[in-house]
Amino acid sequence: MKRIVNILTLTALLLLGVGGSEAVAHSKPKAQSQQSERKPIDIKSRRTRPVPVGDSTGYALVGDVVLYHNGSVITCDSVVRYSDRQMSCFGNVIIRKDDTFIYGDRAEYSRDEGMARVYSPLIKVYNGDATLYTYNLLFNTADNVGEFYGGGTFTNGTNLMESERGYFFADLDEVVGVDNVELKNETYQLKSDSVNYNSESEVARYFTRSVTWKDDSGEMLSSDEGEYHNKNERYIFRSNAYIVGEKQEMWADTIDYKSLIEFIELKHNGQIRDEEHQSIIFGNYGNHDNKKGDTFLTDNPAFISYGDSDGDGVGDTVYMRSDSMYVYLIDSLGYCTLTRPDSATLAAELAAKAQRIRDSIVADSMAKVKVARDVFLVDSLTLVCDSLATIEQKDSLTMRYSDSLQMVISRLKPKPQQPQADSLATDSLAVGALTDSLGGRLAGRAEAVGKMGRVEQPLEEPQPEAEEKDDQPDRIMLGLNNVKIFRADFQGVCDSVLMFSADSTAQLHRNSVMWNELNQIVSERADVYTRNKKPTRVLFSEGKPLMSSELDTTRYNQIAGKTIESLFNAEGVMYQTNVDGNAQTYYYMVDDADGAVMGFLVAESSDITFYIEDNTVVGIMYRGSPVYTIYPMDQIPEDQPERMPNFVWYIERKPTREQIVGDWHINPSERERYMSMKRPQFPITYAIERHRESLVSGGRWADRTDDISDMAKEFIEKVKEE
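This report concerns the structure included in the present document. (Residues numbered from 1 in each chain as written. Predicted model: local features only at pLDDT ≥ 70, side-chain atom pairs only at ≥ 80, totals over all residues. Heavy atoms only, no water.)

**Considerations on the overall build of the protein chain**
Phase 1: A tally of regular secondary structure across the protein chain gives ten helices and 39 strands.
Phase 2: Counting over 722 residues, the protein chain shows a buried share of 50%.
Phase 3: Look at the contacts in the protein chain between residues 6 or more apart in sequence, and 51% of them connect residues 24 or more apart.
Phase 4: When the accessible surface of the protein chain is split by element, carbon and sulfur atoms take 51% of a total near 34,500 Å². (Helix = DSSP H or I, 4+ residues; strand = E, 2+ residues; numbered from the N terminus. Buried < 20%, exposed > 50% of the residue type's maximum accessible area, 1.4 Å probe, protein only. Contact = heavy atoms within 4.5 Å. Areas by Shrake-Rupley, 256 points an atom, 1.4 Å probe, with all protein chains shown as cover.)

Okay, structure coming up:
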């Protein structure tokens, strides 16, 4: 009987490929085709004995058991081998694949699938400073992919990610969290349904709608697809990208946010809503500097200022477009000497500001500040040109474009303040005194107009009330090339425009044309002063300004001079126009009763003032030895032109709201919805941490980091050599 047992034991040892305390063998398939499909399992243990398994017999391997299959090593205290295909591992289980370690209390392993199912009150996967804790785990030694479910929490340095389930790829150093994914590090927190995190590159990628909280700025970022690069703190958002900050919202198809330098790049369908300044800016390419507050947009950009101070909703909205737009902030020292012609209020403000600077900064420091300020402006404008040249892939900008830039730069250079002349000189003459060439009805009409002109106390220009200044830095908006502006009560075009938040003014440069109701004004420069989003004063200068008003398709009233100044009341309605220097007038006199054109006035003088009510001239005052002629309509000489030499009616250039806005769609604010979202709470991580602490303190589980034994390593080396 003893001999029979020995024969059975010997047979078992031969079949198992193990023996004695150091027995080693290989489970070799008989056919070569089977070997390519089923790699052998190399096994080593100190002792082996048969055990009953149902109706058949299995074998127990005990003591320093080592299994090697598909390049993975499994060590444990004991193994029950049910067949050459299936076995169970017990006690201190370690599964090692290269630098990845899996720790559990028990594991079931299938040779055909190469699949290990690990069991433990808490399972740990460890690779350097990357650790995963979970409740359920499958690991495939063939493709080195693990699957966990029932909840898992993963840490890599300062990065933490949890999810309901997921996968890890040992060869790629990647973990994929699926369902209720929450991720964080020192700079951000994220919620998503699926996140792919690479522990080597520290890049997190997602492919479903995800929301990120940026801790240092309070911003929220979201997109349908994107990635975060932890090493250089860079966010790349693709498909319906969105950012909401304290005062701004941004949308684009793609947003590249370099957090370390606070630089945001927007690509295609870019849109920035600024709630502080009540504006929206669009562009298919642009960037925003969070530190400086500078914004640049090009490729069909548009701008909307939607402030509604009076509640009428429409009249206060300003629409603008140009080939490129640049908005930048300036501090309390920047551009402190910018000239605002004829503005006593601004002059006082500038003087007070200069005094404060002198009190706080020594003279040589002021010189440095001024130089730095001027260099900053030129560099900023150069950056705009360089960016546009690159985007449009042109070797150089056109001469006209360069001229426009030079014009803008020159406007920003300090100029001496000029005293404002008295708007009504003492030698003013009334039109009524000049009507002796006409008789009857025409003379009576002219006399009536003249009486309106003889005003002892002319209407005074209302002085703008000082607007309360906050602590926010001033803004300058620069629009370059093909500028179009639309508002319900005025429209304009020019080559370049500058808008200043410091005193709510705007400057239009080169080929400027503006329209107000039926009036058109052409000049090389226009300075627009506003209060509460409505114009108070517009000054046209340079290039022989010419104001025209259409009477009908063949007749136009025309006014020209060195400068033309239009004044507006609190409702933004023009009530007075002053023409200073070489003033010229072509004016058709119309009967109010029947609208008949009675005569044609041609006049020249040093200066002229027009008084306006309901868009109608009700009084004219000339100053400085006027020369005039009033012709009846049937007595206008053939050599008397009815249009001034530089007159052009540009009505076809008058922009509409639709032309400026184009295909741009204003995105509704999503601030309230996003700000109501709850930040990640990491409930899975919290539950696992509490469970882990309880297991360790109760002695039911050890948080292991041990490697496989030296004996196991020697065994693996021998197997590899064979």
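**Quick word on the environment of Tyr 59**
Phase 1: Here Tyr 59 shows up in strand β4 (residues 56-69).
Phase 2: For Tyr 59, a relative accessible area of 18% gives the class buried.
Phase 3: Distance in space between the C-alpha atoms of Tyr 59 and Tyr 82 is 6.7 Å, their sequence separation being 23 residues.

**Remarks on the side chain of Ser 548**
Phase 1: Of note, Ser 548 is situated in strand β33 (residues 546-550).
Phase 2: Overall, the relative accessible area of 1% leaves Ser 548 in the buried class.

**Quick notes on the pairing of strand β5 (residues 72-81)**
The two faces of the sheet receive side chains in turn, since in a regular strand these alternate between them.
Phase 1: Taken across its ten residues, β5 has eight buried, putting it largely inside the fold.
Phase 2: The pairing of β4 with β5 spans nine bridges and is antiparallel. Note on β5: the bridge partner recorded for Ala 60 is Val 80.
Phase 3: Two elements, β5 and strand β6 (residues 86-97), share seven bridges in a ladder whose sense is antiparallel. Within β6, the position partnered with Val 73 by the bridge is Arg 96.
Phase 4: If you look at the hairpin formed by β5 and β6, you'll find four residues sitting between the two strands. (Pairing = 2+ DSSP bridges.)

**What about helix α10 (residues 710-721)?**
Phase 1: The end-to-end C-alpha separation of α10 is 17 Å, in line with the 16 Å expected for twelve residues at 1.5 Å each.
Phase 2: Buried within α10 we find Ala 712, Phe 715, Ile 716 and Val 719. Summarising the axial view, the buried residues of α10 lie within an arc of 100°, below the 170-degree limit, and thus occupy one face. Exposed and oriented more than 90 degrees from the buried face of α10 are Asp 710, Glu 714, Lys 718 and Glu 721. (Expected span 1.5 Å × (residues − 1). Arc of directions from axis to C-beta.)

**Details of the nonpolar core**
Phase 1: Ranked by size, the top nonpolar core spans 91 residues in total, and within it Ile 102 and Met 320 carry the most contacts.
Phase 2: Broken down by element, the residue count for this core peaks at six residues, all from strand β37 (residues 597-613).
Phase 3: Sequence-distant contacts of Met 320, defined by excluding residues within four places in its chain, comprise Ala 302, Phe 303, Met 325, Met 477, Gly 479, Val 483, Lys 484, Ile 485, Val 497, Met 499 and Ile 660.
Phase 4: By size, the runner-up hydrophobic cluster in this structure holds twelve residues, among which are Tyr 556, Tyr 631, Ile 636 and Phe 647. (Core = buried A, V, L, I, M, F, W, Y, C linked by side-chain atoms within 4.5 Å.)

**Some remarks on the environment of Glu 565**
Phase 1: With respect to the helices and strands, Glu 565 occurs in strand β35 (residues 563-568).
Phase 2: Expressed as a C-alpha distance, the spacing of Glu 565 and Val 579, which sit 14 residues apart in the sequence, is 6.4 Å.
Phase 3: In terms of polar contacts, Glu 565 uses its side chain to reach the side chain of Arg 537, at 2.4 Å. (Polar contact = N/O pair within 3.5 Å; in protein donor to acceptor, adjacent residues only side chain to side chain.)

**Things to note about the pattern of salt bridges**
Two side chains bearing opposite charge may form a pair once their charged atoms approach each other closely.
Phase 1: Enumeration over the complete set of coordinates arrives at 30 salt bridges.
Phase 2: Note that Asp 552 and Arg 555 form a salt bridge whose closest N and O atoms lie 3.0 Å from each other.
Phase 3: Residue class for Arg 555 comes out partly exposed when judged on its relative accessible area of 27%.
Phase 4: Across the pair Glu 670 and Arg 673 runs a salt bridge, and its minimum N-O distance is 2.7 Å.
Phase 5: A single network of salt bridges, built from pairs that share partners, joins Asp 84, Arg 85, Arg 111 and Asp 112. (Salt bridge = Lys/Arg side-chain N within 4 Å of Asp/Glu carboxyl O.)

**What to know about the packing of aromatic side chains**
Phase 1: One pass over the full model with this rule turns up 18 aromatic pairs.
Phase 2: Relative to Phe 237, the ring of Tyr 235 has its centre 5.8 Å away and its plane inclined at 10°; by these criteria the two rings are stacked. The residues Tyr 235 and Phe 237 share a single accessibility class, namely buried.
Phase 3: A network of ring pairs unites the aromatic residues Tyr 188, Tyr 228, Tyr 235, Phe 237 and Tyr 257 as a single cluster.
Phase 4: Its guanidinium or amino end placed over the ring of Tyr 650, Arg 653 lies 5.4 Å from that ring's centre, counting from NZ or CZ.
Phase 5: A cation sits over an aromatic face here: Arg 690 above Tyr 686, 4.8 Å from the ring centre. (Phe/Tyr/Trp six-rings, centres within 6.5 Å; stacked < 30°, edge-to-face > 60°. Lys NZ or Arg CZ within 6 Å of the ring centre and 35° of its normal.)

**Concerning helix α9 (residues 683-697)**
Phase 1: Across its 15 residues, α9 extends 21 Å between first and last C-alpha, which sits within 8% of the 21 Å expected from 1.5 Å per residue.
Phase 2: Taken together, the buried positions of α9 are occupied by Ile 684, Thr 685, Ile 688, Arg 692 and Leu 695. Viewed along the axis of α9, the buried residues span an arc of 95°, placing them on a single side of the element. Away from its buried face by more than 90 degrees, α9 exposes Tyr 686 and Ser 697.
Phase 3: The elements touched by buried residues of α9 are β10 (130-140), β11 (145-156) and β12 (159-169).
Phase 4: Within two residues after α9, Gly 699 carries a phi angle of roughly 70°, on the positive side.

**Side note on the pairing of strand β14 (residues 188-198)**
Phase 1: Counted residue by residue, β14 has nine buried out of eleven residues, so it is predominantly covered.
Phase 2: Of the strand pairs in this sheet, strand β13 (residues 174-184) and β14 are connected by nine bridges, and their pairing is antiparallel. Bridging across to β14, Val 176 finds its partner in Asn 196.
Phase 3: Hairpin connection between β13 and β14: a loop of three residues separates the two successive antiparallel strands.
Phase 4: Two strands pair when backbone bridges link them, and β14 and strand β16 (residues 210-214) are joined in this way by four bridges, in the antiparallel orientation. When the bridges of β16 are listed, Lys 191 appears paired with Val 211.
Phase 5: In terms of strand pairing, β14 meets strand β15 (residues 203-206) through four bridges, oriented antiparallel. Each bridged residue has a counterpart across the sheet, and for Val 195 the counterpart in β15 is Tyr 206.
Phase 6: From the end of β14 to the start of β15, which pair antiparallel, there are four residues, and Glu 202 there has a positive phi angle of about 55°.

**Quick look at the side chain of Thr 141**
Phase 1: As for its placement among the helices and strands, Thr 141 is situated in the loop between β10 and β11.
Phase 2: Polar side-chain contacts of Thr 141 include one of 2.9 Å to the side chain of Asn 70.
Phase 3: Those residues in contact with Thr 141, other than ones at most four positions away along the chain, are His 69, Asn 70, Ser 72, Tyr 109 and Gly 114.

**Quick look at a negative patch on the surface**
Phase 1: Negative charge collects at one region of the surface, where Asp 98, Asp 99, Asp 143 and Asp 171 lie side by side.
Phase 2: For Asp 98, the position within the fold is in the loop between β6 and β7 (100-110). (Patch = residues over 30% accessible without salt bridge, like charges linked within 9 Å, V, L, I, M, F, W, Y side chains within 5 Å. Lys, Arg positive; Asp, Glu negative; His and termini not counted. Charge placed at Lys NZ, Arg CZ, Asp CG, Glu CD.)

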